[in-house]
Amino acid sequence: ENEIKLLTAEIERLKNFGCLGVSPSLEGLRDENAKLKYRLNFLQKSLQEERSKTAKSMININSCLQEIFGAAIQAAYPDLENPPLVVTPSQQPKFGDYQCNSAMGITQILLKTKEQKVSPREIAEKISKNIPANECIEKVEIAGPGFINVHLRKDFVSKQLSSLLMNGVQPPAVGKRKKVVVDFSSPNIAKEMHVGHLRSTIIGESMCRLFEFAGYDVLRLNHLGDWGTQFGMLIAHLQDKFPDYLTVSPPIGDLQAFYKESKRRFDTEEEFKKRAYQCVVLLQSKNPDFIKAWELICDVSRKEFQKIYNCLDITLIERGESFYHEMMKDIVKEFEDKGFVQVDDGRKIVFVPGFPVPLTIMKSDGGYTYDTSDLAALKHRLCEEKADILIYVVDSGQSVHLQTVFAAGQMIGWYDPKVTRVAHAAFGVVLGEDKKKFKTRSGDTVRLIDLLEEGLKRAMDKLKDKERDKVLTAEELKAAQTSVAFGCIKYADLSHNRLNDYVFSFDKMLDDRGNTAAYLLYAFTRIRAIARLANIDEQMLRKAAREEVLILDHEKEWKLGKCILRFPEILQKILEDLLLHTLCDYLYELATTFTEFYDNCYCVEKDRQSGQIVKVNMWRLLLCEATATIMAKGFDILGIKPVQRM
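Residues numbered from 1 in each chain as written. Predicted model: local features only at pLDDT ≥ 70, side-chain atom pairs only at ≥ 80, totals over all residues. Heavy atoms only, no water.

As recorded in an unreviewed UniProt entry, the protein goes by the name Arginine--tRNA ligase, cytoplasmic, listed as coming from Buteo japonicus. UniProt, in its Catalytic activity (unreviewed entry) section for the protein, records the words "tRNA(Arg) + L-arginine + ATP = L-arginyl-tRNA(Arg) + AMP + diphosphate". Among the UniProt annotations of the protein, the heading Sequence similarities (unreviewed entry) holds the following wording: "Belongs to the class-I aminoacyl-tRNA synthetase family." (UniProt positions renumbered as here; feature names shortened; annotations may be inferred.)

A. Seen up close, the confidence of the model for the protein. Model confidence for the protein is summarised by a mean pLDDT of 89, while 91% of its residues fall at 70 or above. Segment residues 17–24 is flagged for pLDDT under 50; beyond a separation of four residues in sequence, or across chains, it makes 6 contacts in the model. (pLDDT = per-residue confidence, 0-100. Contact = heavy atoms within 4.5 Å.)

B. View of the UniProt feature "domain: Arginyl tRNA synthetase N-terminal" (unreviewed entry) in the protein. Summarizing the sequence annotation, UniProt attributes the feature "domain: Arginyl tRNA synthetase N-terminal" (unreviewed entry) to residues 63–152 in the numbering used throughout. Here residues 63–152 runs as 39% helix and 21% strand, with 14 Å between its end C-alpha atoms. (Helix = DSSP H or I, 4+ residues; strand = E, 2+ residues; numbered from the N terminus.)

C. Fine view of the pattern of salt bridges. All chains considered together, the criterion is met by 44 salt bridges. Residues Lys179 and Glu385 are paired through a salt bridge, measuring 3.0 Å at the closest nitrogen-oxygen approach. Residue Lys179 is found in strand β5 (residues 179–183), and its partner Glu385 is found in the loop between α13 (370–384) and β11 (389–392); the two are separated by 206 residues along the sequence. Its relative accessible area of 16% is what places Lys179 among the buried residues. A salt bridge links Arg220 to Glu212; its shortest N-O distance comes to 2.9 Å. Judged by relative accessible area, which is 10%, Arg220 ranks as buried. Each of the salt bridges in this network shares a partner with another, and the network as a whole consists of Glu205, Arg209, Glu212, Arg220, Asp313, Lys633, Asp636 and Lys641. (Salt bridge = Lys/Arg side-chain N within 4 Å of Asp/Glu carboxyl O. Buried < 20%, exposed > 50% of the residue type's maximum accessible area, 1.4 Å probe, protein only.)

D. Up close: the sheet that holds strand β1 (residues 87–89). Sheet architecture is open: 4 strands sit in the order β1-β2-β4-β3, paired in antiparallel fashion. Strands with a single pairing partner mark the edges of an open sheet, and in this sheet they are β1 and β3 (137–143). Taking each pair of neighbouring strands and ignoring which way they run, the sheet shows an average axis angle of 25 degrees. Relative to strand β4 (residues 147–152), strand β2 (residues 98–100) is paired through 3 bridges, and the arrangement is antiparallel. For Gln99, the partnering residue across the bridge sits in β4 and is Asn149. (Pairing = 2+ DSSP bridges. Axes fitted to C-alpha atoms, helices over the stretch in contact; angles between N-to-C directions.)

E. Just the UniProt feature "domain: DALR anticodon binding" (unreviewed entry) in the protein, in detail. According to UniProt, the positions carrying the feature "domain: DALR anticodon binding" (unreviewed entry) are residues 520–646. A distance of 12 Å separates the end C-alpha atoms of residues 520–646, which is 68% helix and 6% strand.

F. Examining unusual backbone geometry more closely. The backbone of Asp345 sits at a positive phi, close to 55 degrees, despite the residue not being glycine. Secondary-structure assignment places Asp345 in the loop between β8 (341–344) and β9 (347–350). Positive phi outside glycine occurs at Lys386, with the angle close to 55 degrees. Relative to the helices and strands, Lys386 resides in the loop between α13 and β11.

G. Representation of the packing of aromatic side chains within the structure. Here the structure, examined in full by the defined rule, presents 14 aromatic pairs. Aromatic pair Phe504 and Phe506: ring centres 5.0 Å apart, planes at 85 degrees, arrangement edge-to-face. You can call Phe506 buried: its relative accessible area is 8%. Both rings, one in Phe594 and one in Phe597, keep their centres 5.6 Å apart while their planes meet at 55 degrees; by these two values the pair is tilted. (Phe/Tyr/Trp six-rings, centres within 6.5 Å; stacked < 30°, edge-to-face > 60°.)

H. Molecular detail of the nonpolar core. Counting residues in hydrophobic clusters, the biggest one holds 164 residues, and the most contacted among them are Leu65, Leu198, Phe504, Phe567 and Leu583. When near neighbours in sequence (up to four residues on either side) are disregarded, Leu65 contacts Val87, Tyr98, Cys136, Ile137, Val150 and Leu152. Residues Met362, Leu378, Phe406 and Ala407 belong to the second largest nonpolar core, which totals 31 residues. (Core = buried A, V, L, I, M, F, W, Y, C linked by side-chain atoms within 4.5 Å.)

I. Expanded view of helix α10 (residues 270–284). Between its first and last C-alpha atoms α10 spans 22 Å; for 15 residues at 1.5 Å apiece the expected length is 21 Å, and the two agree. Those residues of α10 lying buried are Phe272, Ala276, Cys279, Val280 and Leu283. For α10, the angular spread of buried residues about the axis comes to 100 degrees, placing them on one side. Away from its buried face, by an angle of more than 90 degrees, α10 presents the exposed residues Glu270, Glu271 and Val281. (Expected span 1.5 Å × (residues − 1). Arc of directions from axis to C-beta.)

J. A look at helix α7 (residues 195–213). Given a rise of 1.5 Å per residue, 19 residues ought to cover 27 Å, and the 28 Å separating the end C-alpha atoms of α7 matches this to within 8%. Counting buried positions over the 19 residues of α7 gives 17, a clear majority of the element. Residue Gly215 follows α7 closely and has a positive phi angle near 95 degrees.

So, in structure tokens, the structure goes:
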């Protein structure tokens, strides 16, 4: 806005020069004038787009109230630095819609810093008197020792719901568009994806969807384990088993078995072991035949990984360890040049303050390590990709390693944590129903593809138990099966706090009661069916959204309306703490709040004898539509695909 003012003044000044004939180079003036006008038009258009986007954005009511109470506290206590600002939704209707609980904290500050003894209630009264004019608060009441109960205006809530229905679910305004890099999934080449990869893949995908919806520029990276000494034994085994691999593509059906065979030979045959080491050297020196063998093995793995990614609707850009191989020499040099490297028994190591175990950036034989490749990846993401936010979705067991790598990046000056956010989104392990690490009966790790196939079978059994096969077409039944199977597996993971271990149980996740995907998917299809069964189509709903006022007189209408509008504050919280179970809890609360509303408020009134529709309460159908719209967006962020009929 300031630049627009300056440009407008400059254009006016140049115009006057031209009129007065002052400038000897009128052509130059015209040229300058044209450039300024172009810049001015660009800025005005950008500002207009930004304002239009902000106008359509869903309002985060909690943030609005925080701004209002922040201003009130500032006016009431101008000398107070960083006063506590606590605004939360009320747990019971008798305490209003939201509560500001800052008075108690301010009492403590005044006592400590100014030695003033003021009761929280007195502070609450002073804050309340200084609340600025606003469009959302109907009234405030002071309760108990100093809680400020906030009652929202009905017309404000109604207007926000109408805006949601007309504009669709718009992301909350989050300011400047930032670049986010998310590292997730990351299986190892030549090994099958197992249940341990499930959490990183599902959590990472959902985080990417959330940041994309919020308007960030997201780069989804799959940091494959596609380089290292294990490729020596794999290539040596490939040469023995398929000597013509350079001309005829080897039919490696079971890569897991192929890996196990080569590992057994590596451990038991001395001659094979020597050849395997030679193969590593030739691969690292980029010998074309060995690069071809490496590519063949990687391709077989990629195809297997892609089957799983297709099932779970996962999108990733592959950037494995091999991508960073050429950068590792420079990483070692940079740490040496800055005096951070110590030599220990031939190894080059880096001690990071606050971490007892050093990073090994070069082995005694001159080879690189995971530490080196992780440092190279960190630098590339920060300095080449210019990430503002960098998230590693990796299990909790890697926590110390990653924190050491991040601290090393900070120490050498690649980023400032005050400017760039580098986070480890850690997660616990998947447990079996015996509360031990999830394994097959024979004690092997559970293959992910087997787990997904079992999910499909169980989902179909459940649908047939409910006799859905008698009312759905074959195509609808198949869509419901995949929606339930994969939706339930994802939701079971995402609905648990990722920091904790969780028990994998098909019986629990396919239960259509309680906080499960099965329950939410069924609730969603029921909500979508209400308007359809009343013969109200999308066009009629859109027209009603423009013309109807959403009446929120019934307590259950009011409760549902407020619950719908909490969606932006839920998303804002997750963008900050990366805990996706909050969204699952919210969707479950929304579905149960909707059920309360539907049980108490007639949307469509029918004649009891004939069953004919007598009256359609359109504002209530709009509340149904608003609920379904929010649920659909919530499902989309979680990577769950609902169906129209189930």
